[in-house]
Structure formats: C-alpha cells, structure tokens
Amino acid sequence: MGDACFSTQLIDGDGVFNVSGLDNFMKEVKLGECGLSYAVVSIMGPQSSGKSTLLNHLFGTNFREMDAFKGRSQTTKGIWLAKAQNIEPCTLVMDLEGTDGRERGEDDTAFEKQSALFALAVSDIVLINMWCHDIGREQAANKPLLKTVFQVMMRLFSPRKTTLLFVIRDKSKTPLENLEPILREDIQKIWDAVPKPHAHKETPLSEFFNVEVVALSSYEEKEELFKEQVSHLRARFQHSIAPGGLAGDRRGVVPASGFSFSSQQFWKIIKENKDLDLPAHKVMVATVRCEEIGNEKVASFTADEEWQQFEEAIQHDYVPGFGKKLSSILDRCLSEYDMEAIYFDEGVRTSKRQQLESKLLQLVNPAYQLLLGHLRTRTLEAFKESFDKALTKEGFAAAAARNCMQTFLEQFDKGSEDAAIQQVKWDPSKVKDKLKRDMEAHVASVRNAKLSELCAKYEAQLTKALAEPVEALLDSASEDTWPAIRKLLQRETKAVVSGLESALSAFELDEASEKDLLAKLENHGRSVVESKAKEEAGRVLIRMKDRFSTLFSRDADSMPRVWTGKEDIKAITKTARSASMKLLATLAAIRLDEDVDNIENTLSLALVDTARPGTTDRSIQSFDPLASSSWERVRNMPHLCSSAEGLKQISSA
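Calculation rules
Residues numbered from 1 in each chain as written. Predicted model: local features only at pLDDT ≥ 70, side-chain atom pairs only at ≥ 80, totals over all residues. Heavy atoms only, no water. Pairing = 2+ DSSP bridges. Helix = DSSP H or I, 4+ residues; strand = E, 2+ residues; numbered from the N terminus. Axes fitted to C-alpha atoms, helices over the stretch in contact; angles between N-to-C directions. pLDDT = per-residue confidence, 0-100. Contact = heavy atoms within 4.5 Å. Parallel < 35°, antiparallel > 145°, perpendicular 65-115°, else oblique. Left-handed = near helix turned anticlockwise from the far one by under 90°. Nonpolar A, V, L, I, M, F, W, Y, C, P; charged D, E, K, R; others polar. Core = buried A, V, L, I, M, F, W, Y, C linked by side-chain atoms within 4.5 Å. Buried < 20%, exposed > 50% of the residue type's maximum accessible area, 1.4 Å probe, protein only.

> Can you help me understand the sheet that holds strand 5 (residues 125–131) in this one?
The strands making up a sheet associate through backbone hydrogen bonding, with each pair oriented either parallel or antiparallel. Spatially, seven strands are ordered 1-3-4-2-5-6-7 in an open sheet, and the strand pairing comes out mixed. At either end of the open sheet lies a strand with only one pairing partner, and these are strand 1 (8–11) and strand 7 (209–215). Geometrically, the sheet is characterised by an average inter-axis angle of 25 degrees between neighbouring strands, direction not taken into account. As judged from the six bridges shared by strand 2 (residues 38–44) and strand 4 (residues 90–96), these two strands associate in the parallel manner.

> Can you walk me through the confidence of the model for the protein chain in this structure?
Note: predicted coordinates in regions of low pLDDT should not be interpreted at a detailed level. On average, residues of the protein chain carry a pLDDT of 81, and 82% of them reach 70 or more. The model gives residues 68–74 a pLDDT under 50, and that stretch makes 15 contacts with residues more than four places away or in other chains.

> Would you mind going over the packing of helix 2 (residues 19–29) against helix 8 (residues 259–271) with me for this structure?
Axis angle and axis distance: for two packed helices, these are the angle between their axes and the distance between the axes, and together they describe the pair. Viewed as axis vectors pointing N to C, helix 2 and helix 8 meet at an angle of 155 degrees, and their least axial separation amounts to 10 Å. Looking at the two axes, helix 2 sits roughly antiparallel to helix 8. With respect to the hand of their crossing, helix 2 and helix 8 are arranged in right-handed fashion. The residues of helix 8 that touch helix 2, namely those facing Val19, Leu22, Asp23 and Met26, are Phe259, Ser260, Ser263 and Gln264. Residues that form the contact of helix 2 with helix 8 fall into these classes: four nonpolar, three polar and one charged.

> Help me out: how do you make sense of the nonpolar core in this one?
Most often, soluble globular proteins have nonpolar side chains that are buried together. Formed by 139 residues in total, the largest nonpolar core has its most connected members in Leu31, Tyr38, Phe118, Phe150, Phe166, Phe209 and Phe322. In terms of residue count, the dominant contributor to this core is helix 12 (residues 346–394) (14 residues). Non-local contacts of phenylalanine 166, meaning those with residues more than four positions away in its chain, are made with Ile128, Met130, Leu146, Leu183, Ile187, Val211, Glu212, Val213 and Val214. Leu55, Ala82, Ile87 and Leu165 belong to the second-largest nonpolar core, a separate cluster that totals 24 residues.

> Just checking my understanding: could you explain the pairing of strand 5 for this structure?
Each regular strand shows side chains that alternate between the opposite faces of the sheet. Counting buried residues along strand 5, seven of its seven residues qualify, which places the element largely inside the surrounding structure. Along strand 5, one buried face is formed by Ile125, Leu127, Asn129 and Trp131 and the opposite face, lined by Val126, Ile128 and Met130, is buried too. When strand 2 meets strand 5, the two strands line up parallel, connected through four bridges. Bridge pairing links methionine 44 to isoleucine 128 in strand 5. Note: strand 5 against strand 6 (residues 162–169), seven bridges, orientation parallel. Within the sheet, the bridge partner assigned to valine 126 lies in strand 6 and is leucine 164.

What follows is the structure, given as structure tokens:
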C-alpha cells in the first residue's frame, strides 16, 4: 500500500516547496495523463485530532499517525501528499500540519494561515477535522481555524466554490440531526463576524462554500464502527468530480500536467503575502505550461527524422509529395499539442497554439520556397526542351508557343498544389510569375532569332532573284534597261514580300512590326539593285572602252573589220561612241522611279554631236552640260557618275 500511494512531503516544516519530489510523484502516479479528471482533497484541524488516521483509513494512504503511548505531539510537519487507493478519478490527498500546535507556539500562526490558504487554492474538497465536544463552545479549537479559512477566502478575488466537509470526531450519543444545526449556526456566526471586502458585504456563505457535515465514532473506543462509517464516507469520494458529486465548482481547476507549476506558484504567492486571483492564476499556469508544451513540440519537430530527411533532400531538388507529408508531420505535432494542452484556459491555449503553428511554419517556409524554386527551374527546363523539339519539327508559331507555355504553367500549378501545406495558404503566384517571365523571355529570344533567320532567308532569295538579271540588263544598256529593271524589281519584290508576309502570320506580330519587316525587305530589293548598279558603274570606263573598241573594230556581224581605205571612219567612230554613250547614260544615275530624264540627250550633245574645234577645255565654260547637278529632272536621283570631271575622263578616252 505504501508503494502504491507514493507518499511525498510537498512542503516541509520550514515552508520549503519540494519541487523535485512533486515532479517525481507526478511521474509515478502518471498525473499528467489525467487532464481535468482528477481531484484534490486536503484536511485541516487541530493537532493530534486524528487527521492522518482518518486519511489513511479513508483513502488507503500511509501518512504518519500519532502514537497514543507517546502522548499528543506533532506528527505531521508541513504538508504531505499521497495518492488515494482505488478511487476514481485519480484523487490526490494532502495532510496538513495541525493547528494550535505547541511546537510552533501560540503566536506563530503564519504557517497555519499559509497552509490553509494553500489548501483552499488547490483543493476541491477540504476536510475540517473537529472534536464533537467543541460544537457550540465559544472557545472551541476549530474556531480560530474557521476564522482563518474564512478570512483567507475573503482575499480571493474570484474564488472557486470549494466543498467544506466538517468531520465530527468521537461523536457522542447526541444524534447528528441535533449536532448539525448547531454546527451550521456556529459556522454562520463565524462567517458573519469575519470582516469582508465591500464587494462581498452581503455575499452569503453558500456562494463560497458547499458545506457538508458528517460524524464519526471514536476510533480508539469503537474501532469497528469507525471503520464502517469511514467506508460509507469513502463511497462519497468515488466520482467526486461528476455532476452532483462531492467536489465543488470546477471552473478554476488546473489541468493535471500543470499541477506542479500551479502549486509552486500558489505557494510562492502565499509566502510573499500576495493577493491570490484564481482566474489570473489559471491564465498564468496555462500561459507557462502551453508555452512549455509549444517549445517541446518545436524541438520535437526539428528533431523529427522524417522532417530532417525532407529538409536535406530539398536542398538538392524538388521533392514530390512535400505538401502532403509535411502537412501530416505538422498535423501530428499540433495534435500532440492539442492533446497535452486541452484542459488549459481556452484563450491561452488557442493563442499559444497559433504561436506554435507560426513557429513551425517559419521553420518550414524556407524549405517550401526552395522547393518552389526547384519546381520553377525544372518546369522551365522541361518547357524549353519541349518547345525546342516542337520548333525543330514544326517551326515557330506564336499560338503553339502559347499553348506550350500554358501546358507547363499548369504543370507548375499542379506541382505547387502538391507542395501546398494544409495548415497555411502560401501564395506561389510570385514564383509562377517569374516562371512565366522566363518562358516569355525564352520565346521572345527564339522568336527574334527565327525572325532574323526568316528575314535573312527572304533577303537572300530576293538577292538571288535580282542580282544576275540586273547585271545582265545593265550590261545590255538600252533604252529599256531601267524600265526592265523596275519591272523586275517590282515583280520579284512583290513575290518575295508576299512569301515573307505569309510566313510572318505564324509569329502574330503587331501591325507596325510586320510593316517594318516588309518595308525592310522592299528596301533590301532596292539596295540590291543600287549595289549592283554601283558595282557596274565602277567599271563603266573599261566597259565603255571595250564597247567602243568592239564596235569600232568589228562589223555588224561582229567580224573583225578588214580596212580597205574606203570605210567611213568618221561614221564608224560616231556609231561606236554613241553606243558607249548609251552605256554611260544608263549607268549615270539610278532610275528606280518612272521619272523622265534627258541624261542621254545631254551626254550625246555634249560628247558626240557638238564637236567644238579649237576648244580643248570645256571646264572653262560658264555652263557645263556634263555637270550632273545641272541635269534637269534628275537632281534628286542617285548619281552613279555625278561629276563633270568623271564624264570628261570618259569622253576623252
């Protein structure tokens, strides 16, 4: 029996609280697992009134009892704690040092008041052990005790309702029915006489206490009857906290796991003579214990092997199933908190749970953000691979690019949903926006590269279509040369531009951008012609000489002339020179517009038809017909041979 009740001195005779002893006691009786399903019973009364004996018989405890042969002396010093045997719910029993003990002296009532206050603060039921012969007596031993109890109660701002069970010891032949009214009258007189705070001037005793009365026969004279009566009383302690049970108001009860801390704080406040506010104390205990539980859960989470494996894996790559598995770990952690903190003050419990959840999520968030980063990288790489493969097979298409982007953005959404933790709604939109911008940048880069390739392709096509034909037309140098070139340029440019325009439809460019690219292609066609014309103009002197030489030295059948002395050399020379002038006139300016000009006539008059004997330097004339700036209707044309000096060199050849 001794081992089963785990008797422990809670507070020693000097008022020192046995913290380690109480913690060991709680572990032995597994009090922390009881939640609110436990009761505390204490006993107070005169020294050597049989308190310990009563408790041992009533609850199966092993408190030290007085030895009758050694006389009446103090057996219980301080406050002792034990567990009641075979009583549900778990019932803690406290044996208090007796009052009026000669060992402490008549004037030393401090510990008596302190222990009484402590008993009221922590107990659901307080047994008041008193002698039968004291009932109705003005100088009864229980009166100072009751005054102490009631005065203590007045110091409680918001006390819970405690059951005071008056146990009348060594009952005489007088029936209990006659003793109880007298006792209740004594109690009421004491209550009425106790000074009360203004707030409780009219408060009845019943607001603070449930008063119960029971009588027991003498243990020494009628032991069997005593044991029988105690057995009946014991039955009243079964299920004492149930509705209608012996325990009083349970509103201020502290969850069992907080009993040690709560008791220590009560005793500390009592020793320091501070007023005691039970609801505030309840909140304080809940605050400390819930915070301790929360810290334990944070430590448990960080040490969790599964979480550590996740955290390590996430450093390197995306981890599928992250959200579901992490939610499970967090839920387990929070559920454990809920189970351990369930009986503490709801407001405190909820607040500390929110703090715990916040701390846990702070621990998890970096891993979550890293996970989204891996998901973004993986999704972007997969998008690029898929997009580039499609590009190789089908070429660039804006619609296909959009569809591909949408497909992989949806994949990101699924991945972020997989990573989502049920305890919090973290928004992955910023990471998704970054992914979208990266995709758009890649598409834009590919589009620009493909546009460049496409434009280069059509420019090359147009170059090929124009270069050789233009060269041939310029070589022929006839009146129809530039009209033919213009027609060729228009036809080929239109065909190639039409092809580019059709190809550009897949890129879905805006109207201005498309017009710009088509205009650049048209300008490219003109530049090809201009370049080829400039190239031919650079060789005009040689070609004119070749043409002159050919026509002068060969007949109409292109056969070498046989000079007989009868030929009209002047006419032959004029014909050859005229043909050379046609070549010069053709290459003198670029005529891509259909404006009419008189370049050929001007050159013919100046170099062929108007021979001026005796004049060797035309540059001294005030009006120089060979100066291109003086040519009518060609001042805005690109001049291939734009200076008179150049033309003079050709004419003098």
